[in-house]
Amino acid sequence: MSDTMNIEDYLEQGGVLTSPMNVPARYRGELLRLMGSFVDSELAGSAGFAASINFAPGIKERIAASRITLEKADHAERVLDIMGSFGTDTARYQNQHDWAARAPRDADIGTIRTGGDMRLSVFHYPITGWADAVVMNVLMGLATGVQITELTRLSYAPLAEVFREIAPREARHAELGLEGLERLMANDAQREAALGSIAYWRPRVAATFGHAGSQRFDTQKRLGLRRTPNEDLLAEWNNQLDTRLSNL
């Protein structure tokens, strides 16, 4: 117990760990949960966005959708490799769920993880067209930027490094979406569809930040895996989103 408490004090004060060999059991469990959620969300996001390639109205848009689909799968693989260092069967893991499976469009999942995997709830909803794909990518892309910024500072150094490598590419995904949204908003016919999609996706993306006053956050903070409460991350996302939308 003394050794465990000393390690937690070290982590809470900004210490880092570098190998699976020296992590406490509770830390290992929380770290694997965090990585599993990210991997499942990226795989589900990639699978869901793949269908949007054929919604694209032009070659430039098809290239952007293809790039996002590819890079999200690559990001999942990078984090899954780290899970493999903790003993995860990576070959089995990546094929055990239907990543393209979606709930009905009008479902209200809230923050519940369903379907047997650990994807964020927003990745259970279907994308219905190009405007819908662009809006979802913008809103979730900005959310991912806020969330990954938090993860670039976590206490497991190899994973923090991967998130630092991933962060610029995820930011570029959001920028590609914003370029597409600007074109949609400039077209009267497409503008209404985009506004409808914003109303649909905004509460669903907001749910990915979790509950205010989360006890899990308190645990993760003690282990150096998180620093900023869910409600503060949500507020940052809302501010960024409102600024971007007002510019349009």
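Because the structure is a prediction, the values reported are computed rather than measured.

1. Digging into the packing of helix α2 (residues 25-50) against helix α3 (residues 59-85)
Okay, step 1: Their axes nearest at 8 Å, the elements α2 and α3 cross at an angle of 160 degrees. Classified by the angle between their axes, α2 and α3 sit roughly antiparallel to one another. Here the hand of the crossing between α2 and α3 comes out left-handed. For the pair α2 and α3, the contacting residues are Leu 32, Met 35, Gly 36, Phe 38, Val 39, Glu 42, Leu 43, Gly 45, Ser 46, Phe 49 and Ala 50 in the first and Ala 65, Ile 68, Thr 69, Lys 72, Ala 73, His 75, Ala 76, Val 79, Leu 80, Ile 82 and Met 83 in the second.
Okay, step 2: Residue composition of the contact of α2 with α3, grouped by class: 15 nonpolar, 5 polar and 2 charged.

2. Points about the layout of surface pockets
Okay, step 1: There is about 190 Å³ of room inside the second largest pocket.
Okay, step 2: Along the walls of the second largest pocket sit 17 residues, with Lys 60, Glu 61, Ala 64, Ala 65 and Leu 176 positioned nearest its centre.
Okay, step 3: Every element with two or more residues in the lining of the second largest pocket is listed here: α3, α5 (130-151) and α6 (157-185).
Okay, step 4: Tallied by class, residues from the lining of the second largest pocket come to 9 nonpolar, 3 polar and 5 charged.

3. Digging into the packing of α5 against helix α7 (residues 188-206)
Okay, step 1: Here α5 crosses α7 at 35 degrees, and the two axes come no closer than 9 Å. Seen along the crossing, α5 lies across α7 with a hand that is right-handed. Counting all contacts with α5, which are made through Ala 131, Asp 132, Val 135, Met 136, Leu 139, Met 140 and Ala 143, the residues of α7 involved are Ala 193, Ala 194, Ser 197, Ile 198, Trp 201, Arg 202 and Val 205.
Okay, step 2: In terms of residue class, the contact of α5 with α7 is made up of 11 nonpolar, 1 polar and 2 charged.

4. Topic: the environment of Leu 32
Okay, step 1: Within the secondary structure, Leu 32 is located in helix α2.
Okay, step 2: The exposure class of Leu 32 is buried, given its relative accessible area of 17%.
Okay, step 3: For Leu 32, the contacting residues outside a window of four places in its chain are Met 83, Phe 86 and Thr 88.

5. Here we look at empty space enclosed by the protein
Okay, step 1: Considering all chains together, one arrives at 1 cavity of 30 Å³ or more under this definition.
Okay, step 2: Reported here for the largest cavity is a volume of approximately 140 Å³.
Okay, step 3: Along its surface, the largest cavity is lined by 17 residues, and Gly 45, Phe 49, Lys 72, Phe 123 and Met 136 are the ones closest to its centre.
Okay, step 4: Elements with a minimum of two residues in the lining of the largest cavity: α2, α3 and α5.
Okay, step 5: Counting residues per element, the lining of the largest cavity draws most heavily on α5, at 5 residues.
Okay, step 6: Among the residues forming the lining of the largest cavity, the class breakdown is 9 nonpolar, 5 polar and 3 charged.

6. Description of the environment of Trp 130
Okay, step 1: One can find Trp 130 in helix α5.
Okay, step 2: Taking the C-alpha atoms as reference, Trp 130 lies 8.6 Å from Asn 54; in sequence the two are 76 residues apart.

7. Concerning the nonpolar core
Okay, step 1: Grouped together as the largest cluster of nonpolar side chains are 71 residues, with contacts concentrated most on Tyr 156, Leu 159 and Phe 163.
Okay, step 2: Contributing elements (two or more residues each) for this core: α2, α3, α5, α6, α7 and α9 (230-247).
Okay, step 3: For this core, the element with the most residues is α5, which contributes 14 residues.
Okay, step 4: If we ignore the near neighbours within four places in the chain, the residues touching Tyr 156 are Leu 17, Thr 18, Ser 19, Pro 20, Val 23, Tyr 27, Leu 31, Ile 82 and Phe 86.

8. Some thoughts on α7
Okay, step 1: Here α7 contains 19 residues, and its C-alpha end-to-end distance of 27 Å stays within 8% of the 27 Å for a straight helix at 1.5 Å per residue.
Okay, step 2: Considering bend angle alone, the principal kink of α7 is centred on Tyr 200 and spans about 25 degrees; proline Pro 203 follows within four residues of it.
Okay, step 3: Taken as a whole, α7 has its buried residues at Ala 194, Ser 197, Ile 198, Tyr 200, Trp 201, Arg 204 and Val 205.
Okay, step 4: In this structure, the buried residues of α7 make contact with α5, α6 and α9.
Okay, step 5: The N-cap of α7, judged by a side-chain oxygen 2.9 Å from the amide nitrogen of Ala 189 a few residues on, is Asn 187.

9. Comments concerning the pattern of salt bridges
Okay, step 1: Scanning the model with the defined rule gives 17 salt bridges in all.
Okay, step 2: One salt bridge in this structure joins Asp 74 and Arg 78, with 3.0 Å as the shortest N-O distance. Here Asp 74 pairs with Arg 78, and both are found in helix α3, just 4 residues apart, close to one helical turn.
Okay, step 3: Classification of Arg 78 by relative accessible area gives partly exposed; the value is 27%.
Okay, step 4: One salt-bridge network, in which partners are shared between bridges, spans Arg 67, Glu 71, Asp 74, Arg 78, Glu 165 and Arg 169.

Reading guide: rules and limits
Residues numbered from 1 in each chain as written. Predicted model: local features only at pLDDT ≥ 70, side-chain atom pairs only at ≥ 80, totals over all residues. Heavy atoms only, no water. Axes fitted to C-alpha atoms, helices over the stretch in contact; angles between N-to-C directions. Helix = DSSP H or I, 4+ residues; strand = E, 2+ residues; numbered from the N terminus. Parallel < 35°, antiparallel > 145°, perpendicular 65-115°, else oblique. Left-handed = near helix turned anticlockwise from the far one by under 90°. Contact = heavy atoms within 4.5 Å. Nonpolar A, V, L, I, M, F, W, Y, C, P; charged D, E, K, R; others polar. 1 Å grid on protein atoms, 1.4 Å probe; cavity = no way out; pocket = protein on both sides within 12 Å on 5 of 7 lines; lining within 4 Å. Points joined across faces, edges and corners; volume = space filled by probe spheres on them. Buried < 20%, exposed > 50% of the residue type's maximum accessible area, 1.4 Å probe, protein only. Core = buried A, V, L, I, M, F, W, Y, C linked by side-chain atoms within 4.5 Å. Expected span 1.5 Å × (residues − 1). Bend = angle between axes of the 7 residues up to and from the residue. Polar contact = N/O pair within 3.5 Å; in protein donor to acceptor, adjacent residues only side chain to side chain. Salt bridge = Lys/Arg side-chain N within 4 Å of Asp/Glu carboxyl O.

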